[in-house]
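If you want the building blocks of each chain, they are given just below.
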Amino acid sequence: MLRLLSVTLLVGVMAGAGPAKAQAPTTPAVGPMPPETAATPPAAARPARPPAPVRDPLEPGMVKSVELPDGQVPPATKDGNFIIGPTHKPAMEMAVDPSVPQGTVYEFAMSSADSKFYPGVERDTAAGPAGPPGANGPVSASRPAPYTRHVAVYVPKQYVAGTAAPFMVGTDGIDRGWFTVLDNLIAQKRVPVMIAISVGSGGGDGPGSERGLEYDTMSGKYAEWVQVEVLPLAEKAAGVKLTDDPDGRGTIGSSSGGAAAMAMAWFHPEWYHRVLTRSGTFVNQQWPHNDAAPHGAWELHEHLIPESAVKPLRIWMEVGDRDNYGPPPATGPNMHDWVAANENMAKVLTAKGYHYQLVFARNAGHTDRAVRAQILPEALEYVWQDYPITGAKN
């Protein structure tokens, strides 16, 4: 049984005294890690990432794409590959609109002490500093470490109490911009009246960290943790009922959070059918080694998707022309190239006949904020295509 006594509940109403006040966070987006003590050596400085080369989406070997006029975004009704940029103007739906109903945000905290899935780790730089990815993935070491993570549940004004609502689970903490977009898209009847659940990671980043363990592990464990430990608390905290219909359940994430979002639906399509990723880390960043998926998320396009029966998934992806790039190894493929990984995803999804959209953004880095502000409304609308929406679009 989940220990509800340790959950701290906060409620924020996204309406009332003006946009700035309505959007002000009341808790940190990610739970704090414990302070260092004399027994804990300071973390070693991570080597600087080399500048990413600018990739041309029209060069030989890249997926065939439609290049849109600068400033345009793809139609939400079309599958395929699209090129946008180099200018990225924020979509109108990113701004608070006082004329539309404003949702309510409920927040709570989760402690590692209460988790049967993730008791908590951090990178142990003294025992084994992180190394470059090899055939079996990155080299690192972990040690036990507690965490507190924060979760926010967005409930739209139009939600009818007691009804089973569609929802999305987001990674990497409380995303109030996402909630604002949903206020606007729901009012325009471009997406269903849905719940949004923003879940913080357990902290850190990369091999050896809690975040890396949760997001970069290519298995169904993260989805199982969400199903067992997060969703019941979200329903209780917000007083909502979440649908069991996988067609009404989606995932959203960026970078390693995008890999986690994809893994949730891939390994548990009985729970999730809709996936939205930005700069998805579909690369070999998994640690510790996993014999079932030795190349981590690279396995998605290397073996898992091409060698499996088609699953009922609708997938939206974005990658930037200056997205992350790891130095190639002396031999073998470079499994730490984000552009190649996302391009490979598009190739295998096309070959298998999936409904998907890949947006290649010019003048864009890893999880580029300007691109997000331009494209998020269209991405959400695309992911929820074919789901029933009551009433006509506004």
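This one's a predicted model, so the numbers in the text were calculated from it and none came from an experiment.

In terms of regular secondary structure, the protein chain is built from eight helices and 17 strands. For the protein chain, the proportion of its 394 residues judged to be buried stands at 56%. When contacts within the protein chain are restricted to residue pairs at least 6 apart in sequence, those whose partners lie at least 24 apart make up 80%. A total of about 16200 Å² of accessible surface is found on the protein chain, and carbon and sulfur atoms cover 59% of it.

We now examine the nonpolar core. In this structure, I195, I197, M262 and L300 are the most contacted members of the largest nonpolar core, which totals 66 residues. No other element matches helix 4 (residues 221–238), which puts 10 residues into this core. With residues up to four places along the chain from it excluded, the contact list for L300 reads M218, M262, W266, F282, I305, P306 and M345. Counting 36 residues, the second largest nonpolar core, distinct from the first, contains Y154, L185, V383 and W384.

A few words on the confidence of the model for the protein chain. Predicted coordinates in regions of low pLDDT should not be interpreted in detail. Averaged over all residues, the pLDDT of the protein chain is 88; the fraction at 70 or higher stands at 84%. Counted against residues more than four places away or in other chains, residues 1–8, with its pLDDT under 50, gives 16 contacts. Below pLDDT 50 for its whole length, residues 12–43 participates in 61 contacts with residues either more than four positions away or in separate chains.

A full pass over the atoms with the stated rule returns seven aromatic pairs. Taking the centre distance of 6.5 Å and the plane angle of 80 degrees together, the rings of F167 and Y272 count as edge-to-face. One end of the pair, F167, is in strand 11 (residues 167–170); the other, Y272, is in the loop between helix 5 (256–267) and strand 15 (274–278), with 105 residues separating them in the sequence. Each member of the pair F167 and Y272 is classed as buried. Here Y215 and Y222 contribute two aromatic rings whose centre-to-centre distance is 5.5 Å and whose plane-to-plane angle is 90 degrees, an arrangement assigned as edge-to-face. You can call Y215 buried: its relative accessible area is 0%. By relative accessible area, which is 3% here, Y222 ends up buried. Among the aromatic residues, ring-to-ring pairing joins Y118, Y215, Y222 and W225 into one connected group.

Our next topic: the pairing of strand 9 (residues 148–155). Most of strand 9 sits out of view: seven of its eight residues are buried. Strand direction decides the pairing type here: strand 4 (residues 104–111) and strand 9, joined by eight bridges, are antiparallel. Looking at strand 9, one finds that A109 is bridged to H150. Two elements, strand 9 and strand 12 (residues 195–199), share four bridges in a ladder whose sense is antiparallel. Counted as the bridge partner of V153 is I197 from strand 12.

With that settled, consider the pairing of strand 16 (residues 314–320). Consecutive side chains of a regular strand alternate in pointing toward one face of the sheet and then the other. For strand 16, the buried fraction is high: seven of the seven residues fall into the buried class. Relative to strand 16, strand 15 is paired through five bridges, and the arrangement is parallel. If you follow R278 over to strand 16, its bridge partner there is E318. Once the chain exits strand 15 it traverses helix 6 (residues 299–304) before rejoining the sheet at strand 16, and the crossover so formed is right-handed. Two strands pair when backbone bridges link them, and strand 16 and strand 17 (residues 355–361) are joined in this way by seven bridges, in the parallel orientation. Bridge pairing links W316 to Q357 in strand 17.

Criteria and cut-off values
Residues numbered from 1 in each chain as written. Predicted model: local features only at pLDDT ≥ 70, side-chain atom pairs only at ≥ 80, totals over all residues. Heavy atoms only, no water. Helix = DSSP H or I, 4+ residues; strand = E, 2+ residues; numbered from the N terminus. Buried < 20%, exposed > 50% of the residue type's maximum accessible area, 1.4 Å probe, protein only. Contact = heavy atoms within 4.5 Å. Areas by Shrake-Rupley, 256 points an atom, 1.4 Å probe, with all protein chains shown as cover. Core = buried A, V, L, I, M, F, W, Y, C linked by side-chain atoms within 4.5 Å. pLDDT = per-residue confidence, 0-100. Phe/Tyr/Trp six-rings, centres within 6.5 Å; stacked < 30°, edge-to-face > 60°. Pairing = 2+ DSSP bridges. Right-handed = clockwise from strand over helix to strand, strands pointing away.

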